[in-house]
Amino acid sequence: LQIDFIYDTESTKNEDLPVVSLLKFFSIKKKGKIEYLELGSGLGRFALLVKSRFPDFLITCLEKNPELAVITKRAGLKTINTDVLTAKINLAQFDIVHCSHLVEHFGYPEVINLLDKMVLWLKPGGYLIIRSPLMHSGFYDDIDHVRPYPPKSIQNYLFNPQQQKKGSNSLVTKFIWERQEALTSNNRLLRSLYRLLWILFRWPAARPNGYVMALQKI
């Protein structure tokens, strides 16, 4: 159980790394106040991490669940309690829009409506950061997961004209980072061994089961 707890913590920190690195790069490059939007902020874990590391970030959380919205408000974070698809947000308001583990909760065409809104909310030169799972054995353990959207599907919507509807092409892909976690096994001891090795060496790793994609508005 202790190995599982440490593993889950390390896995989360590992996925945070490329996002934090981009935020650090952006804060050095831009300087001054940075408008940051956290979509589907939940308990506020990552928004609070951003607040602790980047004091010049003006953080806005958007959360549909009213009980979770109360938590981020009490933590001192500006919070909008509404559905992301009906949110009233000014155009070109934010330097960073961070969409973490949200797109997989939408079907088509709601997901492209979400993508369109996020692009409109970004300032030119700003970054849209999308984190999402890929298909894996535990994907549908979340009852409200609709389907995975791998990076290529989002890029096709944004850049490929041969779609039912084509999205904005005012974005460029800056990077795609794949989340690789430990091998797993039905044998509890072997599973724990794999997790321990991954904690120590990030090896042996299974096939990617999630990603971080950063897109910049031009």
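## What about the environment of Leu-114?
Here comes step 1: Positionally, Leu-114 belongs in helix α4 (residues 110-121).
Here comes step 2: Judged by relative accessible area, which is 0%, Leu-114 ranks as buried.
Here comes step 3: Linking Leu-114 and Leu-85, residues 29 residues apart in sequence, is a C-alpha distance of 6.2 Å.
Here comes step 4: Non-local contacts of Leu-114, meaning those with residues more than four positions away in its chain, are made with Val-84, Leu-85, Leu-102, Val-103 and Phe-106.

## Concerning the packing of helix α1 (residues 2-30) against helix α2 (residues 45-53)
Here comes step 1: Close contact between α1 and α2 brings their axes to 12 Å; oriented N to C, the two are set at 45 degrees. For the element pair α1 / α2, the angle class is oblique. Two packed elements cross with a definite hand, and for α1 against α2 that hand is right-handed. For the pair α1 and α2, the contacting residues are Thr-12, Asp-16, Val-19, Val-20 and Leu-23 in the first and Arg-45, Phe-46, Leu-49, Val-50 and Arg-53 in the second.

Cut-off values and rules
- Residues numbered from 1 in each chain as written.
- Predicted model: local features only at pLDDT ≥ 70, side-chain atom pairs only at ≥ 80, totals over all residues.
- Heavy atoms only, no water.
- Helix = DSSP H or I, 4+ residues; strand = E, 2+ residues; numbered from the N terminus.
- Buried < 20%, exposed > 50% of the residue type's maximum accessible area, 1.4 Å probe, protein only.
- Contact = heavy atoms within 4.5 Å.
- Axes fitted to C-alpha atoms, helices over the stretch in contact; angles between N-to-C directions.
- Parallel < 35°, antiparallel > 145°, perpendicular 65-115°, else oblique.
- Left-handed = near helix turned anticlockwise from the far one by under 90°.

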